[in-house]
Protein chains: 2
Amino acid sequence: MTDTKTLKIGLFGFGTVGQGVWKVLRSARNAHAEIRRICVRNISKPRATVVPDGMLTDRAEDIFDDPEINLIVELVDDADASFRIVSTALSRGIPVVSGSKAMIARHLPELIELQRKHDTALLYDASSCGSIPVIRNLEEYYDNDLLLEVKGILNGSSNYILSRVFDHGEDYESALRRAQELGFAESDPSFDIDGFDALFKLIIITVHALGRFVPAEEIFTCGISHIDDCDIRYAREKNRKIKLVAQVVKTEPDAFTMFVMPELVEPSRYIYSVDDEYNGVVIRGECYDRQFMFGKGAGGLPTASSILSDIMARRHDYRYEYKKMEYVNRPHYTTDVTVRVYIRYNRTPIPQLLIFSTIHEQLLTPGHKYIIGDVNLSELIANRDIFNAPDVFIANIPIFFRDKDN
Amino acid sequence: MTDTKTLKIGLFGFGTVGQGVWKVLRSARNAHAEIRRICVRNISKPRATVVPDGMLTDRAEDIFDDPEINLIVELVDDADASFRIVSTALSRGIPVVSGSKAMIARHLPELIELQRKHDTALLYDASSCGSIPVIRNLEEYYDNDLLLEVKGILNGSSNYILSRVFDHGEDYESALRRAQELGFAESDPSFDIDGFDALFKLIIITVHALGRFVPAEEIFTCGISHIDDCDIRYAREKNRKIKLVAQVVKTEPDAFTMFVMPELVEPSRYIYSVDDEYNGVVIRGECYDRQFMFGKGAGGLPTASSILSDIMARRHDYRYEYKKMEYVNRPHYTTDVTVRVYIRYNRTPIPQLLIFSTIHEQLLTPGHKYIIGDVNLSELIANRDIFNAPDVFIANIPIFFRDKDN
């Protein structure tokens, strides 16, 4: 019944994940896949993993021009280089497995067009949530229009940091350092802690959840780097944890919204218990209610095992069909929705800068000022520069699906 | 990119799940699938769902002989009838989506052979864990030999009952009655509470997890119907919950074991928090460590939404490839493994009937006798009749993967 072939892989990038893929392919005795050549920027850089002589090259052509290579695995930590590699490969009809979420989130429409035009495939399940098969399940299993919401903790390193701060009483700086030492944080930590990593994953997820691509610029994104002791105290007093949460939500039958923001999470929610470097995603739909998927979202080996799943899928010529992009009555993206937020500030005069439809709570003390109010998401986007001020911290207080628990 | 077709469905069975499928297909505007005919045993039986005149029939031929019908959905609550319908359909080359776990678990090797011979497909993701896509993910995403363990709460109604007893202080009988009223329990409740439902799901899962089919008779299976107040008190004292757990575990690189048994679950475990009618499955592997999937495992609509996923997969001619059955070095099934168990008894002289390699704890009071000891699984299987005695209750105390938390 199986129609299988041996995959000969050209690998771009040999960092943590690339070396993880090398290791995972050696453990998986039935993979029928082998790495033929590895292209790196610097051949002579010392690496923990020893590979046979001649395996490494710094010339991309050694991979593109090798007629034996029938799959390219792209794990390069530079979005521009990554796009060049992937688009070259697809243009030559070579299928690609990629883990470069920033590049994919930025170029997805072009990459879909390239796949179509050259009748080839790009898989990137590893790009979202490390080892959790979110993309594949949204594409294949939730292949219907019953989906209402995808919401979760998509960034392992910011979650690790918040976990250290919240559950272990560490300070923010030392938690960040520890995340970097453990290899959870990207080389540029702002990518993780300012919410961009989660944003890019959310953009990719939304294409496979609702068939809509929304550019990064149009999405409200705020991270955790301005978090302060008083925010942590506030959350603790209310018996909540602060987590960095990304979500896409159908707000009406024909509209959806999406954003990335810290959230004050109640203990009854599934994501409350997602600690350390783990990721967790809640998928909610009509009829099936809520599903929760949970797994390691950061680290070389979990991501490598996800790359392996994409590699194995190519043995059977699997590709994403982007079915939901062809749906009739696809919902449209809106930012004209009310969100409830906690905003802590000091010098920045928040109540004068933002229009709240309702103010639920306000505290003004010399050391700690905050406001809890309902505000239109488009108002937050129009005034997003406010949240660059280091004295301002915003967190979402969820009001969608409030009637249902979790 | 999409190569789609309209599915014309012949539906067998119009109970809770069948009517759920009817409803779900109406909500899913982009399903491109319609029910053409419904075959039931008794046309004139009153039903909550009204269907157009002529939609119902009691003649299977009206479906088999309709050349327009290109998919059969089989939801019949009788394993023999279900096998006749599915094997007839496959023999005629008509693909089938089925939710009949008992039938599938019993006949899977024949059903695989029928699919092969007639080049057609049988999908049954709904048969395991209601709305959680376990089979599909084991088959496609965990398509490698890194898998170490699949363990979980696979039966929603026994979990609902234990949840009522444990978390709400209800007595067993009234909890069972309530589960039946809510439509969680099968028509024959022993199917749920004696562990057979979980067993059948486990058998199906094992085929897709490790590529091995193990007949039901060879697997130790014990349910919750003998649970007693003193077991509940014991578990509470030890800060544990009793859950009905099914598991398949690689015990060595080339061997695995499997069983269904109540378990004394510690709070740190993922499955500890799986309450009410929910199911939860932990998938553990080399490299990716643990993944946890969680969702509604019982009830008409969650199961129907899973049937819908299988129906949609047929639009793209998806089939299970049973890839792992072709793996080299497939692990073999063994029952020669040590398990640690709590056995509570009264008249039945457990210490004289079973050989324990180690006894860890023993209590002998007039009202409450129990023993905690290590015993070979094959010893339990050889003496399985013991556990039919109403004064005996057995629960597993997990020792596999003890070094790792959760």
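Engineer: Explanation requested: the overall build of chain A in the structure shown.
Structural biologist: For chain A, the count of helices and strands is 13 helices and 17 strands. The C-alpha atoms of chain A give 22 Å as radius of gyration, which agrees with the globular expectation for 406 residues (22 Å, within 12%). Out of the 406 residues in chain A, the part that is buried amounts to 65%. Looking at chain A alone, contacts between residues at least 24 apart form 74% of all its contacts between residues at least 6 apart. For chain A, the accessible surface area stands at approximately 14900 Å², while carbon and sulfur atoms represent 47% of it. Of the side-chain charges in chain A, 48 are positive and 59 negative, and the distance between the mean point of each set is 3 Å.

Engineer: Explanation requested: the packing of aromatic side chains in the structure shown.
Structural biologist: Here a ring pair, both rings aromatic, is described through the centre-centre distance and the interplanar angle of the planes. Overall, the coordinates contain 34 aromatic pairs over all chains when judged by the stated rule. An angle of 40° between the planes, with centres 5.5 Å apart, marks the rings of Phe 191 of chain A and Phe 200 of chain A as tilted. With relative accessibility at 6%, the residue Phe 200 of chain A sits in the buried group. By the ring-pair criterion, three or more aromatic residues cluster together here, those being Tyr 270, Tyr 278, Phe 292 and Phe 294 of chain A together with Tyr 270, Tyr 278, Phe 292 and Phe 294 of chain B. Taking the ring centre of Phe 166 of chain B as reference, the NZ or CZ of Arg 236 of chain B above it sits at 5.5 Å.

Engineer: What's the story with the state of the cysteines in this structure? I'm lost.
Structural biologist: Disulfides are covalent bonds that connect the sulfur atoms of two cysteines. This structure, assessed with the given rule, holds zero disulfides over all chains. The thiol of Cys 230 of chain B is unpaired, and the distance to the nearest cysteine sulfur, on Cys 222 of chain B, comes to 15 Å.

Engineer: Even after reading the chapter, I still don't get the interface of chain B and chain A, so can you show me in this structure?
Structural biologist: It is common to give the size of an interface as the accessible area that goes away when the parts come together. In this complex, chain B contributes 55 residues to the contact, which on the side of chain A involves 55 residues. At the boundary of chain B with chain A, total buried surface from both sides reaches about 4800 Å², with 51% on carbon and sulfur atoms. Inspection of the chain B/chain A interface yields two salt bridges. Residues Asp 289 of chain B and Lys 296 of chain A are paired through a salt bridge, measuring 3.2 Å at the closest nitrogen-oxygen approach. The interface formed by chain B and chain A contains 17 residue pairs in polar contact (both at pLDDT 80 or more). A per-element tally of the side of chain B that touches chain A places strand S12 (residues 289-296) of chain B first, with eight residues. Taken together, the residues of the side of chain B that touches chain A sort by class into 24 nonpolar, 16 polar and 15 charged. Taken together, the four bridges between strand S12 (residues 289-296) of chain A and S12 of chain B define a ladder with antiparallel strand orientation. Bridging across to S12 of chain B, Met 293 of chain A finds its partner in Met 293 of chain B.

Engineer: I would appreciate a short explanation of the relation of the copies chain B and chain A in the present structure.
Structural biologist: Relating the two copies of this chain is a rotation about some axis coupled with a shift parallel to it. Each copy superposes on the other: chain B lies on chain A with an RMSD of 0.0 Å after a rotation of 180° and an axial shift of 0.0 Å. Both copies of the chain, as the preceding transformation shows, are related through a two-fold rotation axis. No C-alpha of chain B approaches the rotation axis more nearly than that of Met 293 of chain B, which lies at 2.3 Å.

Engineer: Help me understand helix H3 (residues 79-91) of chain A, please; the structure alone is not making it clear to me.
Structural biologist: The α-helix advances 3.6 residues per turn, and as a result positions three or four apart in sequence lie on the same side. Taking 1.5 Å per residue, 13 residues should reach 18 Å; H3 of chain A reaches 18 Å between its end C-alpha atoms and fits that length. Among the residues of H3 of chain A, the N-terminal cap falls to Asp 78 of chain A, whose side-chain oxygen and the backbone nitrogen of Asp 80 of chain A are separated by 2.9 Å.

Engineer: Honestly, the environment of Ala 105 of chain A in this entry has me stumped. Any pointers?
Structural biologist: Residues and elements named next belong to chain A. Considering the arrangement of structural elements, one finds Ala 105 in helix H4 (residues 101-117). For Ala 105, a relative accessible area of 3% gives the class buried. A sequence separation of 61 residues divides Ala 105 from Phe 166, and the C-alpha atoms of the two residues are 30 Å apart.

Engineer: What is the right way to look at the environment of Met 325 of chain A in this model?
Structural biologist: The topology assignment puts Met 325 of chain A in the loop between helix H11 (300-315) and strand S13 (332-333). The contact partners of Met 325 of chain A, leaving out residues within four places of it in the chain, are Ile 112, Val 207, Gly 211, Phe 213 and Arg 330 of chain A.

Engineer: Any chance you could explain the pattern of salt bridges here in plain terms?
Structural biologist: A side chain with one charge can pair with a side chain of the opposite charge if their charged atoms come near. Residues and elements named next belong to chain A. Under the counting rule described, the total for this entry stands at 64 salt bridges over all chains. The partner of Glu 170 in a salt bridge is Arg 178, and the shortest N-O contact between them spans 2.9 Å. Take Arg 178: its relative accessible area is 33%, and that puts it in the partly exposed class. Among the salt bridges present, the one from Lys 238 reaches Glu 361, with a minimum N-O distance of 3.9 Å. Linking Lys 238 in the loop between helix H10 (229-237) and strand S9 (241-252) with Glu 361 in strand S15 (residues 356-364), this pair joins segments that are 123 residues apart in sequence. Residue class for Lys 238 comes out partly exposed when judged on its relative accessible area of 39%.

Engineer: What is the right way to read the sheet that holds strand S2 (residues 33-39) of chain A from this model?
Structural biologist: What holds strands together in a sheet is hydrogen bonding between their backbones, with the strands either parallel or antiparallel. Residues and elements named next belong to chain A. Judged by pairing direction, the sheet is parallel, and its six strands sit side by side in the order S3-S2-S1-S4-S5-S6 without closing on themselves. Sheet topology places strand S3 (56-57) and strand S6 (122-123) at the edges, where each strand pairs with a single neighbour. With four bridges connecting them, strand S1 (residues 7-12) and strand S4 (residues 71-74) associate as parallel partners. Bridge pairing in S4 links Phe 12 to Glu 74. Its contacts with the sheet place H3 against S1, S4, strand S5 (96-98) and S6, and it is angled at close to 170° to S4.

Rules used in this analysis
- Residues numbered from 1 in each chain as written.
- Chains lettered and ligands numbered in written order.
- Predicted model: local features only at pLDDT ≥ 70, side-chain atom pairs only at ≥ 80, totals over all residues.
- Heavy atoms only, no water.
- Helix = DSSP H or I, 4+ residues; strand = E, 2+ residues; numbered from the N terminus.
- Rg over C-alpha atoms; globule rule 2.2 N^0.38 Å.
- Buried < 20%, exposed > 50% of the residue type's maximum accessible area, 1.4 Å probe, protein only.
- Contact = heavy atoms within 4.5 Å.
- Areas by Shrake-Rupley, 256 points an atom, 1.4 Å probe, with all protein chains shown as cover.
- Lys, Arg positive; Asp, Glu negative; His and termini not counted.
- Charge placed at Lys NZ, Arg CZ, Asp CG, Glu CD.
- Phe/Tyr/Trp six-rings, centres within 6.5 Å; stacked < 30°, edge-to-face > 60°.
- Lys NZ or Arg CZ within 6 Å of the ring centre and 35° of its normal.
- Disulfide = S-S within 2.5 Å.
- Buried area = accessible area lost by both parts, 1.4 Å probe.
- Salt bridge = Lys/Arg side-chain N within 4 Å of Asp/Glu carboxyl O.
- Polar contact = N/O pair within 3.5 Å; in protein donor to acceptor, adjacent residues only side chain to side chain.
- Nonpolar A, V, L, I, M, F, W, Y, C, P; charged D, E, K, R; others polar.
- Pairing = 2+ DSSP bridges.
- Least-squares fit on C-alpha atoms with pLDDT ≥ 70 in both.
- Expected span 1.5 Å × (residues − 1).
- Axes fitted to C-alpha atoms, helices over the stretch in contact; angles between N-to-C directions.

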